[in-house]
Amino acid sequence: MRYLPLPVDIASKLAPRADREFVGDPTAYLHPYLPADYRTDRGGSPVESVVHIEVQWAGWQPDETRWVASLPFGVDTPALAGIVGSADPSAADFGAVLDAHQSASPLLHGIRSMVAHHPDRGVKSFAAHDGVLTSPAFLNGFGQLAQRGLSYDAWVYSGQLPEVTALAERFPEVPIVLDHLGTPAGIFGPVGKDTGHTARQREVLFHRWRDDLTDLAAQPNVVAKVSGLMMPVLGHPVPPRGMVTPVPELISRVGPLLAHALAVFGADRLIWGSNFPIDKPITSLGGAVEAVATGLSDAGADRDDLRKVFGGNAARVYRIEAAD
């Protein structure tokens, strides 16, 4: 059977509500996002190099690493400094997949598995259930990262932060990167069936996120990414296509999150990430940089701190060698 292509606006209306709320605007998902696209989105922001974080291709995941390594990075675009590939520690062939990733590119420095699960069925989940990070199969495989000197990026929703803490306690020798400050879905506005729909719900969500992030920061092998803070699933109102949210509005929303992250992790354990094009429906890449830099500065970060957050810490955590 052949299907006629549908306009973006119609196709987006036909998509499940959870998908629509997660992406905000599907335009960024309709075509491959290549180095030249990132160059365009970067604009005047001084991004010199990038670490590619897996996007969970269908099929055999090392193919993504091999393909990304073959792209024309550094040709009037930021250089490719590292790759975080996709692999599932609970899989029986986890070790073989890690070997294949490392054979695909010497830039492979870590792995990520999308384990984000939300109890609100109206919020898009990427795992069938919670508890994945503490399951026996996952824990049995996870130690192989330490054997290979690889890091682990954890992308979870905020209710799963205690799982990340338990994982970090069990494997203190594995560097763990918390992506997107734990993605507290609905913290800025309503998403799903009953998440962030009232001021009281958002207040409770913030307090739980704050306390759980504090507990996680007590684990010295964990760093946190101040990234993904403009994801639509956080409850940001999505501006009309082609427009962006004013930076002062973004700062007023994300400022308290940034201030707490800086207070508990310190400037040495925070990493900025663009999360593009996922954040593009809400802001420009330059707007995201300005919002995060201003929010951290307002919370007490100085220029040296910002240099760490916007580059130095990532180079250390992902073991990126300086170019000659």
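Below: a short report on this structure. (Residues numbered from 1 in each chain as written. Predicted model: local features only at pLDDT ≥ 70, side-chain atom pairs only at ≥ 80, totals over all residues. Heavy atoms only, no water.)

## A word on the sheet that holds strand β1 (residues 49-53)
Convention followed: If DSSP finds at least two bridges between two strands, the strands pair. Secondary structure elements are taken from DSSP: a helix is a run of H or I of four residues or more, a strand is a run of E of two residues or more, and numbering for both begins at the N terminus. Convention adopted: a line fitted to C-alpha atoms gives each axis, helices being fitted over their contacting stretch, and angles between N-to-C directions are expressed from 0 to 180 degrees. Contacts are assigned to residue pairs that have any heavy atoms within 4.5 Å of one another.
Read from one edge to the other, the open sheet built from seven strands follows the order β1-β2-β3-β4-β5-β6-β7, with strand pairing classed as parallel. Lying at the two open borders of the sheet, with one neighbouring strand each, are β1 and β7 (270-272). If you compare each strand with its neighbour and ignore which way they point, the axes differ by 30° on average. Where strand β4 (residues 151-155) meets strand β5 (residues 176-178), three bridges bridge the pair, whose relative direction is parallel. Considered in β5, the bridge of Y152 is made with I176. Relative to the sheet, helix α11 (residues 303-317) contacts β5, β6 (222-226) and β7, its axis offset from that of β7 by approximately 110°.

## Structural notes on the pattern of salt bridges
Note the cut-off: By salt bridge we mean one thing: a side-chain nitrogen of Lys or Arg within 4 Å of a carboxyl oxygen of Asp or Glu. Only protein chains enter the area calculation, which uses a 1.4 Å probe; residues under 20% of their type maximum are buried, those over 50% are exposed, and those in between are partly exposed.
All told, the structure shown has 17 salt bridges when counted by the stated rule. With a shortest N-O distance of 2.8 Å, R241 and D25 are connected by a salt bridge. Of the two residues, R241 is situated in the loop between β6 and α9 (247-265) and D25 in the loop between α2 (17-23) and α3 (35-42); the sequence distance between them amounts to 216 residues. A relative accessible area of 12% places D25 in the buried class. R200 serves as the salt-bridge partner of E203, at 3.1 Å between the closest nitrogen and oxygen. Remark: R200 and E203 occur in helix α8 (residues 199-217); sequence separation between them is three residues, near one turn of the helix.

## Some thoughts on the packing of α8 against α9
Our working definition: Angle categories are assigned with fixed cut-offs, so that under 35 degrees is roughly parallel, over 145 is roughly antiparallel, 65 to 115 is roughly perpendicular, and the rest are oblique. Here a crossing is called left-handed whenever its near helix is offset anticlockwise from the far helix by less than a right angle, and right-handed whenever the offset is clockwise. Classes in brief: Ala, Val, Leu, Ile, Met, Phe, Trp, Tyr, Cys and Pro nonpolar; Asp, Glu, Lys and Arg charged; the others, Gly included, polar.
Put simply, α8 and α9 touch, their axes get as near as 9 Å, and they point 25° apart. By the criterion of interaxial angle, the relationship of α8 to α9 is roughly parallel. The handedness of the crossing between α8 and α9 comes out as right-handed. Each of F206, W209, R210, L213, T214, L216 and A217 in α8 lies in contact with α9, whose residues at this interface are P256, L257, H260, A261, V264 and F265. When its residues are assigned to classes, the contact of α8 with α9 shows 10 nonpolar, two polar and one charged.

This is a description of form; function is not addressed.
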